[in-house]
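Chain and residue survey
Take a look at the letters that make up each chain.
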Amino acid sequence: MNEVSQIGVTQEEDGVRLDRWFKRHFPMLTHGRLEKLLRTGQVRVDGARAKANVRLEAGQVVRVPPLGEDAEKQAPKPERGVSDRDAEFVRSLVIHKDKSVLALNKPAGLAVQGGTKTERHLDGMLDALTFDAKERPRLVHRLDRDTSGVLVLARTVKAAAALARAFKQKDARKIYWALVVGVPVPRQGTIDLALTKQGGPRAERVFAAEKGDEDARHAVTHFSTVANASYALAWVAFMPLTGRTHQIRAHASAIGTPIVGDGKYGGVNAHPGGEIPRRLHLHARSIDIAHPDGGRLFIEAELPPHMKTSWKLLGFDERDAEDAFAGLEG
């Protein structure tokens, strides 16, 4: 590469130090040479000079000068290997594909990324979704393991930066469907409740934050009750305006209507019994987001089997959710 390149920072790289970002992209570039490039202003972030320890934000653009063939060599990539069975499975999840974007209908129970005791996950299958592209797709947002629905992937670095920017600038309208225990009062409204993690950054549960909590994260969710079965169960559409961990689950519980199957936030009350499946009833139904190549991208995902079962048992009609947020958006 004998020309200057402009590389976008993806959602996955949000918060990464600039020197570590270079280590990921150009593992053969020495730290000493990077420091010299930074001192002389040849490396810039969004057009401005930067230091090695600056933390990048998703959507920013890093200017990379010509580095020479040796520095631009990539370290050997690890052999991921996707079994034929997993390749066929993950390709069956694709509900949209164009030159820049893929969208999947992620099933409940499939983790997006690996972790302790999680060996089978979507990130480990992405090589099977290359299709005609030169690189594997990139994750630009997340869904909980037990949440199903629309998951958007970027097929290029440029698309990843554009999608990350759209999420950061809140230019993405996400709608979730849930079955909750009880009926919200009022039936439609906005939950503005800051959330905090207890037990450190790796905590797997969030709580309503108390006043003065320095670790609290602002969290806002619109909700609208679409239908209900007596006073026992309700179909509620949620629209998160922020993207906190477990936001919808914690907010649903905070207003006294925990999501069916969510024992973590609803305890025993989250399992109504009878013929209703015990699995989490939370589904990322749709997303409307700025497309990297211009215009808008709208994707909608079918309900997972266990939620279809519940909808049929309760006599809910999916068409009733149209314009659910008409009274909240204007």
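Our structure's up above, just so we're on the same page.
Described below are features of the structure shown in this document. (Residues numbered from 1 in each chain as written. Predicted model: local features only at pLDDT ≥ 70, side-chain atom pairs only at ≥ 80, totals over all residues. Heavy atoms only, no water.)

1. Side note on the environment of Val 152
Here is the rule: Put simply, DSSP H or I for four residues or longer makes a helix, DSSP E for two residues or longer makes a strand, and each gets a number counted from the N terminus. Exposure classes here rest on a 1.4 Å probe applied to the protein chains alone. A residue is buried below 20% of its type maximum, exposed above 50%, and partly exposed in between.
If you trace the backbone, Val 152 turns up in strand β8 (residues 148–154). Classification of Val 152 by relative accessible area gives buried; the value is 0%. For Val 152 and Pro 137, which are 15 residues apart along the polypeptide, the C-alpha to C-alpha distance reads 9.8 Å.

2. Some remarks on the sheet that holds strand β1 (residues 5–8)
Basically, it comes down to this: Think of it this way: DSSP has to see at least two bridges between two strands before they count as a pair.
Pairing in this open sheet of four strands is antiparallel, and the strands run β1-β4-β2-β3 from one edge to the other. Unpaired on one side and paired on the other, β1 and β3 (48–49) mark the two borders of the sheet. Where strand β2 (residues 44–45) meets β3, two bridges bridge the pair, whose relative direction is antiparallel. Among the inter-strand pairings, Val 45 is bridged to a residue of β3, identified as Ala 48.

3. Overview of the layout of surface pockets
Our working definition: Buriedness of a pocket was judged along seven lines, with at least five required to meet protein on both sides within 12 Å; pockets are open sets of points on a 1 Å grid over the protein atoms alone, cavities are sets where a 1.4 Å probe fits but cannot get out, and lining residues have an atom within 4 Å of a point. Grid points are joined across faces, edges and corners, and a volume is the space filled by probe spheres set on the points. By the convention adopted, Pro, Cys, Tyr, Trp, Phe, Met, Ile, Leu, Val and Ala count as nonpolar, Lys, Arg, Asp and Glu as charged, and the other residues, Gly among them, as polar.
Looking at the second largest pocket, its volume works out to about 310 Å³. Mapped onto the lining of the second largest pocket, the elements with two or more residues apiece are β9 (172–181), β15 (282–290) and β16 (296–300). When residues of the lining of the second largest pocket are assigned to their parent elements, the largest contribution, three residues, is made by β9. A class-by-class count of the residues in the lining of the second largest pocket yields eight nonpolar, one polar and seven charged.

4. Remarks on the pattern of salt bridges
When the charged atoms of two side chains lie near each other, side chains of opposite charge can form a pair. Applied cut-off: Here, a salt bridge means any side-chain nitrogen of Lys or Arg that lies within 4 Å of a carboxyl oxygen of Asp or Glu.
Summed over the entire model, instances satisfying the criterion amount to 15 salt bridges. Across the pair Asp 19 and Arg 17 runs a salt bridge, and its minimum N-O distance is 2.7 Å. Using a relative accessible area of 13% as the deciding quantity, one classes Asp 19 as buried. Since its relative accessible area comes to 23%, Arg 17 is described here as partly exposed. The salt bridge involving Asp 262 is made with Arg 249; its shortest N-O contact spans 2.8 Å. Of the two residues, Asp 262 is situated in the loop between α6 (247–254) and α7 (263–266) and Arg 249 in helix α6; the sequence distance between them amounts to 13 residues. Each member of the pair, Asp 262 as well as Arg 249, is classed as buried.

Function cannot be inferred from these measures alone, as they are strictly geometric.
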